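Chain residues, written in single-letter form:
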Amino acid sequence: MATMESLIGLVNRIQRACTVLGDHGGGDGMSLWEALPSVAVVGGQSSGKSSVLESVVGRDFLPRGSGIVTRRPLVLQLHKTDRGQSEYAEFLHAPKRKFTDFASVRKEISDETDRITGKSKQISNIPIHLSIYSPNVVNLTLIDLPGLTKVAVEGQPETIVEDIENMVRSYVEKPNCIILAISPANQDIATSDAIKLAREVDPSGDRTFGVLTKLDLMDKGTNALDVLEGRSYRLQHPWVGIVNRSQADINKNVDMIAARRKEIEYFETSPEYGHLASKMGSEYLAKLLSQHLETVIRQRIPSIIALINKTIDELNAELDRIGRPIAVDSGAQLYTILELCRAFDRVFKEHLDGGRPGGDRIYGVFDHQLPAALKKLPLDRHLSLKNVQKVVSEADGYQPHLIAPEQGYRRLIDGSINYFKGPAEASVDAVHLVLKELVRKSIVATEELKRFPSLQADIANAANEALERFREESRRTVLRLVDMESSYLTVEFFRKLHLEPEKGPNANPNVPNADRYSDNHFRRIGSNVSAYIGMVCDTLKNTIPKAVVYCQVREAKRALLNNFYAQVGRREKEQLGAMLDEDPALMEKRIAIAKRLELYKSARDEIDAVAWK
């Protein structure tokens, strides 16, 4: 099995990589950072939290002062080195700089805190990563969180109490978080902020280690045995007592290693705590936490691997959805553009053929709009008795017709047929608008195109230009159909009329020639023309849709992007690259996903390599 050093070191490396990518815990959900076991240090202000950390490290390195000193989480990664090697510290935000002066470490923590929060007393959940390499530490990772407080002081927002508690809670409520609850011994344990919060998020006490500080500051005649021996508040893990440096020692810059020896001596010589001396003190606490952290990491490895594999699948699926990176050579770019055009074309055809909604609107033009327009034509006015008489008389000129007013008939028929041009052109325009809308919908619905706004615009422009050409050809065709009806009349229709006897109450076959100019005569001419125009109307009602579909719909399905294909084939590499210019936000998203994917794959490989050594 893996050693303690390798397992904790592995978690440290993955945590640092997560932080670089913006995954630093303290948020909603279970990210990789959250899945990694860690030790969160929780305590109220002035509970001795900072002193405990410095005792564990053996160095005086944390900022001190009144009020809220810790305003950002500090991820403290301790790395044990061989004896004799020099101590140094490194920050994740300054990876090329080694700090050997721990007073400089304190200043860097303050400066880096101010860089995010400013000089105000605001807090931030963005952690500071500090690694300390020393022969005087054990392999351990601790997360120092802002101290819990009960009231806001001057310069702090009114919500600071709630903000700090929410931040601390977001860490300690995670199931993989080990809680190091620090309470001062000279206060009633029942009022401990750390214990109160730990009880809420870990009621069974399985994840909580209790630390009692300031044992040497208790009133004479009192002791903390009830707490340390678990009678006041029982946890699943033993309580550990700590004796921090006194303020006088701090002022005198007493060496931390000397302070550790003084602490050991205090417990060994104490009449109250002597029997517990082997399980008290900062050195024991560090070893206890390190061993427990290693055990928890080993227990969590299967669930961590399961989370990593699940996330890798999700990230790969997301990359497939938004599209993989495009190769830079012109051949690959041209191939990509053509494939994207074909994807758009497939969606467009699905709209027309019924696989997607929209194509039925074209049939609606022919089944509703065209017949309605034909019914509204002013044929009744054109073929009124007065207008028929006027047209026939004008057509005869100075010489009245002898048998039948053929010129009058032709003029009435031509005038009537001419009205059909309006509905014919309106049908062309209506179908054109439907096709344009389907082009727009198809571009939106083509998932592969969403990452290329420039290509979307190019395809839309090319498709609309093609639709304009198809519309012009369709307009010419339907107008020809109308003109054809005028250029050659159906003779058989009029021959049948000549053979049919005049019908009606006023019909009289022996009407003298002079009555050819009576109202009944003109009324019959109007009726004959109306019947003929009705026949033409029925014909055009069938042929106009055929022409429109042939010239517009069929061509749109067959050759919508043919001209575009020819133009793209002649473009240079730079032009092709410009067409595949992606949305910057999408590019950033892909890069972020790719980095996360690389992190998770690397983490999986490292866990596989380390966990079963």
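### Let's talk about the overall build of the protein chain
- The helix and strand tally for the protein chain stands at 22 helices and nine strands.
- Against the compact-globule benchmark of 25 Å for 613 residues, the protein chain has a radius of gyration of 45 Å, which places it well outside the compact range.
- Taking the principal axes of the C-alpha coordinates as reference, the protein chain spans close to 150 × 50 × 40 Å.
- Counting contacts in the protein chain only where the partners sit at least 6 residues apart, residues at least 24 apart contribute 81% of the total.
- For the protein chain, the exposed area adds up to about 30,600 Å²; of that, 51% sits on carbon and sulfur atoms.

### Overview of the pairing of strand β7 (residues 177-184)
- Within β7, eight of the eight residues are buried, which leaves the element mostly enclosed by the surrounding structure.
- Going residue by residue along β7, you find Cys177, Ile179, Ala181 and Ser183 tucked away on one face and Ile178, Leu180, Ile182 and Pro184 tucked away on the opposite face as well.
- Of the pairings in the sheet, the one linking strand β1 (residues 38-43) to β7 comprises six bridges and is parallel in character. Looking across to β7, one finds that Ala40 is bridged to Ile179.
- Pairing of β7 with strand β8 (residues 208-213) involves six bridges; the strand directions are parallel. From the neighbouring strand, Ala181 faces β8, where its bridge partner is Gly210.

### Details of the pairing of strand β5 (residues 128-134)
- In terms of residue burial, β5 counts as a mostly covered element, since seven of its seven residues are buried.
- For strand β2 (residues 74-80) and β5, the ladder comprises seven bridges, and the chain directions are parallel. Paired with Val75 across the strands is His129, a residue of β5.
- Note that strand β3 (residues 88-91) and β5 share four bridges and pair antiparallel. The residue bridging Phe91 from the neighbouring strand is Leu130, located in β5.

### So, the pattern of salt bridges
- Taken as a whole and judged by the stated rule, the model has 32 salt bridges.
- One salt bridge connects Glu165 with Arg169, and the closest N-O pair in it is separated by 2.7 Å. Of this pair, Glu165 and Arg169 both sit in helix α5 (residues 160-172), four residues apart, which is roughly one turn of that helix.
- Linking Glu425 and Arg475 is a salt bridge whose minimum nitrogen-to-oxygen distance equals 3.3 Å. Taken as a pair, Glu425 in helix α16 (residues 421-445) and Arg475 in helix α17 (residues 453-487) lie far apart in primary sequence, 50 residues in all.
- By relative accessible area, Glu425 is classed as partly exposed at 26%.
- Sharing partners across several salt bridges, the network here consists of Glu425, Asp429, Glu468, Arg471, Glu472 and Arg475.

### Things to note about the packing of helix α11 (residues 330-353) against α16
- Close contact between α11 and α16 brings their axes to 9 Å; oriented N to C, the two are set at 130°. Considering the angle they form, α11 stands oblique to α16. Crossing of α11 against α16: the hand is right-handed. Between α11 and α16, the contacting residues are Phe344, Val347, Phe348, His351 and Leu352 on the first element and Leu435, Leu438, Val439, Lys441, Ser442, Ile443 and Ala445 on the second.

### A word on empty space enclosed by the protein
- The full count for this structure, using the stated rule, is five cavities of 30 Å³ or more.
- By volume, the largest cavity amounts to about 100 Å³.
- Along its surface, the largest cavity is lined by Ser50, Leu62, Pro63, Val69, Thr70, Arg71, Arg72, Leu74, Ile109, Thr113, Ile128 and Asp144.
- The residue makeup of the lining of the largest cavity, split by class, is six nonpolar, three polar and three charged.
- Empty space within the second largest cavity amounts to approximately 50 Å³.
- Around the second largest cavity sit Trp33, Glu34, Leu36, Ser38, Tyr171, Lys174, Asn176 and Cys177, which together line it.

### Here we look at the side chain of Lys214
- Considering the arrangement of structural elements, one finds Lys214 in the loop between β8 and α7 (225-228).
- Buried charged residue Lys214 carries no salt bridge. Nearest counter-charge: Asp216, at 8.8 Å.
- For Lys214, the contacting residues outside a window of four places in its chain are Ser46, Ser47, Gly48, Pro184, Ala185, Asn186 and Ile242.

### Structural notes on helix α19 (residues 519-559)
- Taking 1.5 Å per residue as the helical rise, α19 with its 41 residues ought to reach 60 Å, and the 57 Å between its terminal C-alpha atoms agrees with that figure.
- Maximum bend of α19: about 40°, positioned at Val549.

### Digging into the nonpolar core
- In this structure, Leu32, Phe61, Leu130 and Leu215 are the most contacted members of the largest nonpolar core, which totals 104 residues.
- Membership of the second largest hydrophobic core comes to 66 residues, among which are Leu383, Ile413, Phe420 and Leu481.

### Points about the sheet that holds strand β6 (residues 140-144)
- Strand order across the open sheet formed by nine strands is β4-β3-β5-β2-β6-β1-β7-β8-β9, with mixed pairing between neighbours. Each having just a single partner strand, β4 (94-99) and β9 (240-241) make up the two edges of the open sheet.

### Thoughts on the confidence of the model for the protein chain
- Residues at a pLDDT of 70 or more form 90% of the protein chain, whose mean pLDDT is 85.
- Across residues 509-514 the pLDDT falls below 50, and counting only partners more than four positions away or on other chains, this stretch makes one contact in the model.

### With respect to the packing of aromatic side chains
- With the rule as written, the count across this model stands at six aromatic pairs.
- Taking 4.7 Å as the distance between ring centres and 15° as the angle between the ring planes, the aromatic pair formed by Tyr88 and Tyr133 counts as stacked. With a gap of 45 residues between them, Tyr88 in strand β3 and Tyr133 in strand β5 connect regions that are remote in the sequence. Residue Tyr88 shares its accessibility class with Tyr133, and that shared class is buried.

### Comments concerning the side chain of Arg169
- Within the structure, Arg169 has its side chain in polar contact with the side chain of Glu200 (distance 2.7 Å).
- With near-sequence residues (within four places) excluded, Arg169 lies in contact with Leu197, Glu200 and Val201.

### What to know about the environment of Pro73
- Along the polypeptide, Pro73 turns up in the loop between α3 (49-57) and β2.
- Given the relative accessible area of 0%, Pro73 is considered buried.
- Remark: the alpha-carbon pair of Pro73 and Val41, spanning 32 residues in sequence, is separated by 9.8 Å.
- Contact partners of Pro73, with chain neighbours within four places excluded, come to Ser124, Asn125, Ile126, Pro127, Ile128, Ile143, Asp144, Leu145, Met167 and Tyr171.

### Quick look at the environment of Val69
- Mapped onto the elements, Val69 comes out in the loop between α3 and β2.
- Judged by its relative accessible area of 28%, Val69 falls in the partly exposed class.
- A sequence separation of 44 residues divides Val69 from Thr113, and the C-alpha atoms of the two residues are 9.7 Å apart.
- Ignoring any residue separated from it by four or fewer positions in sequence, one finds Val69 in contact with Pro63 and Arg64.

Rules and cut-offs
- Residues numbered from 1 in each chain as written.
- Predicted model: local features only at pLDDT ≥ 70, side-chain atom pairs only at ≥ 80, totals over all residues.
- Heavy atoms only, no water.
- Helix = DSSP H or I, 4+ residues; strand = E, 2+ residues; numbered from the N terminus.
- Rg over C-alpha atoms; globule rule 2.2 N^0.38 Å.
- Contact = heavy atoms within 4.5 Å.
- Areas by Shrake-Rupley, 256 points an atom, 1.4 Å probe, with all protein chains shown as cover.
- Buried < 20%, exposed > 50% of the residue type's maximum accessible area, 1.4 Å probe, protein only.
- Pairing = 2+ DSSP bridges.
- Salt bridge = Lys/Arg side-chain N within 4 Å of Asp/Glu carboxyl O.
- Axes fitted to C-alpha atoms, helices over the stretch in contact; angles between N-to-C directions.
- Parallel < 35°, antiparallel > 145°, perpendicular 65-115°, else oblique.
- Left-handed = near helix turned anticlockwise from the far one by under 90°.
- 1 Å grid on protein atoms, 1.4 Å probe; cavity = no way out; pocket = protein on both sides within 12 Å on 5 of 7 lines; lining within 4 Å.
- Points joined across faces, edges and corners; volume = space filled by probe spheres on them.
- Nonpolar A, V, L, I, M, F, W, Y, C, P; charged D, E, K, R; others polar.
- Lys, Arg positive; Asp, Glu negative; His and termini not counted.
- Expected span 1.5 Å × (residues − 1).
- Bend = angle between axes of the 7 residues up to and from the residue.
- Core = buried A, V, L, I, M, F, W, Y, C linked by side-chain atoms within 4.5 Å.
- pLDDT = per-residue confidence, 0-100.
- Phe/Tyr/Trp six-rings, centres within 6.5 Å; stacked < 30°, edge-to-face > 60°.
- Polar contact = N/O pair within 3.5 Å; in protein donor to acceptor, adjacent residues only side chain to side chain.

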